[in-house]
Amino acid sequence: MTSPVIGVLALQGDVREHLAALTAAGAEARQVRRPAELAAVSGLVIPGGESTTISKLADAFGLLEPLRERVRAGMPTYGSCAGMIMLADKILDPRSGQETVGGIDMIVRRNAFGRQNESFEAAIEVAGVAGGPVDGVFIRAPWVESLGAAARSVATFEGRTVAVRQGNLLATAFHPELTGDHRVHAMFADMVRAAG
């Protein structure tokens, strides 16, 4: 599988940027809005955006349960920012009615790094990404409050875990898709290839 077929959950958020980053990383990128489109991909990106909105739209589009099933079955999935929240087994401070797909044994705190006007960029060393630090763009970003035994931190910032890997699942609190550096997406594409 030289060009893995990777979907981007296209309900809300920075879908276009992830599609471009995946294409640059050698994947065949597709939008996913329906269960049939989800069934046709080998991996999935859950983009940044607003996690409560993504959760409610996934439910409305009949995608929440199929997403949970695919993740449980081992489909490689990468979540950035709101996507990290969606992949968490537990949210410390959920909004009313907010649900997650789950899959990563972690507890996350929404908007932990502050409001929109407190957004920032930082150089982040990510385990498994060669070539030096990546430029992490943090926009109303979560952080990981705690990790379970199955999950491992692959990046930290100021003592807080900001990237996690558990098996075929990857999550970052930051947005690598906004920087033009496609190494995180290339690592994820390699995860999808390895899962076969």
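This is a predicted model, so every value here is computed, not measured.

Mind showing me how you'd approach the overall build of the protein chain here?
A count of helices and strands for the protein chain gives six helices and 12 strands. Relative to a compact globule of 196 residues, whose C-alpha radius of gyration would be 16 Å, the protein chain shows 15 Å and is just as compact. With respect to the three principal axes, the spread of C-alpha positions in the protein chain is 40 × 40 × 35 Å. The 196 residues of the protein chain split such that 51% are buried. For the protein chain, long-range pairs separated by at least 24 residues make up 66% of all intrachain contacts whose partners lie at least 6 apart in sequence. Of the accessible surface of the protein chain, which amounts to about 8,100 Å², a share of 47% is contributed by carbon and sulfur atoms. Taken together, the 19 basic and 21 acidic charged side chains of the protein chain have centroids lying 3 Å from each other.

Is there a simple way to think about the layout of surface pockets in this case?
Leftover empty space is mapped by rolling, across the atoms, a probe with the size of a water molecule. Counted as a void, the largest pocket has a volume near 220 Å³. Lining the largest pocket are 16 residues, and of these G49, C81, I139, R140 and H175 lie nearest its centre.

Just checking my understanding: could you explain the pairing of strand β4 (residues 77-80) for this structure?
One face of the sheet, then the other: side chains in a regular strand alternate in exactly this way. By the alternation rule, side chains of β4 split into T77 and G79 and Y78 and S80, which are all buried. As paired strands, β4 and strand β12 (residues 169-172) are joined by four bridges and run parallel to one another. For Y78, the partnering residue across the bridge sits in β12 and is L170.

Looking at this structure, how should I read unusual backbone geometry?
Generally, phi is negative for residues other than glycine and the peptide bonds are trans, each holding for most cases. At C81, a position not held by glycine, the phi torsion is positive, near 55°. Positive phi, close to 45°, is recorded for R140, a residue that is not glycine. Looking at the secondary structure, you find R140 in the loop between β8 (134-138) and β9 (143-147).

Would you explain the environment of G26 in this entry?
Position of G26 relative to the elements: it lies in the loop between α1 (15-24) and β2 (28-32). A C-alpha to C-alpha distance of 9.7 Å links G26 and V5, two positions 21 residues apart in sequence. Ignoring any residue separated from it by four or fewer positions in sequence, one finds G26 in contact with T2, S3, P4 and R193.

Sorry if this is basic, but what is going on with the packing of aromatic side chains here?
For any two aromatic rings, the description comes down to two numbers: the centre-to-centre distance and the angle of the planes. Scanning all chains against the criterion turns up five aromatic pairs. For the pair Y78 and F188, a centre-to-centre distance of 5.9 Å together with 45° between the ring planes defines the contact as tilted. Pair noted here: Y78 is in strand β4 and F188 is in helix α6 (residues 183-195), with a separation of 110 residues, a long-range link. Just as Y78 is buried, F188 falls in that class too. Directly above the ring of W143 sits R160, whose terminal nitrogen or CZ lies 4.0 Å from the centroid.

About the criteria used
Residues numbered from 1 in each chain as written. Predicted model: local features only at pLDDT ≥ 70, side-chain atom pairs only at ≥ 80, totals over all residues. Heavy atoms only, no water. Helix = DSSP H or I, 4+ residues; strand = E, 2+ residues; numbered from the N terminus. Rg over C-alpha atoms; globule rule 2.2 N^0.38 Å. Buried < 20%, exposed > 50% of the residue type's maximum accessible area, 1.4 Å probe, protein only. Contact = heavy atoms within 4.5 Å. Areas by Shrake-Rupley, 256 points an atom, 1.4 Å probe, with all protein chains shown as cover. Lys, Arg positive; Asp, Glu negative; His and termini not counted. Charge placed at Lys NZ, Arg CZ, Asp CG, Glu CD. 1 Å grid on protein atoms, 1.4 Å probe; cavity = no way out; pocket = protein on both sides within 12 Å on 5 of 7 lines; lining within 4 Å. Points joined across faces, edges and corners; volume = space filled by probe spheres on them. Pairing = 2+ DSSP bridges. Phe/Tyr/Trp six-rings, centres within 6.5 Å; stacked < 30°, edge-to-face > 60°. Lys NZ or Arg CZ within 6 Å of the ring centre and 35° of its normal.

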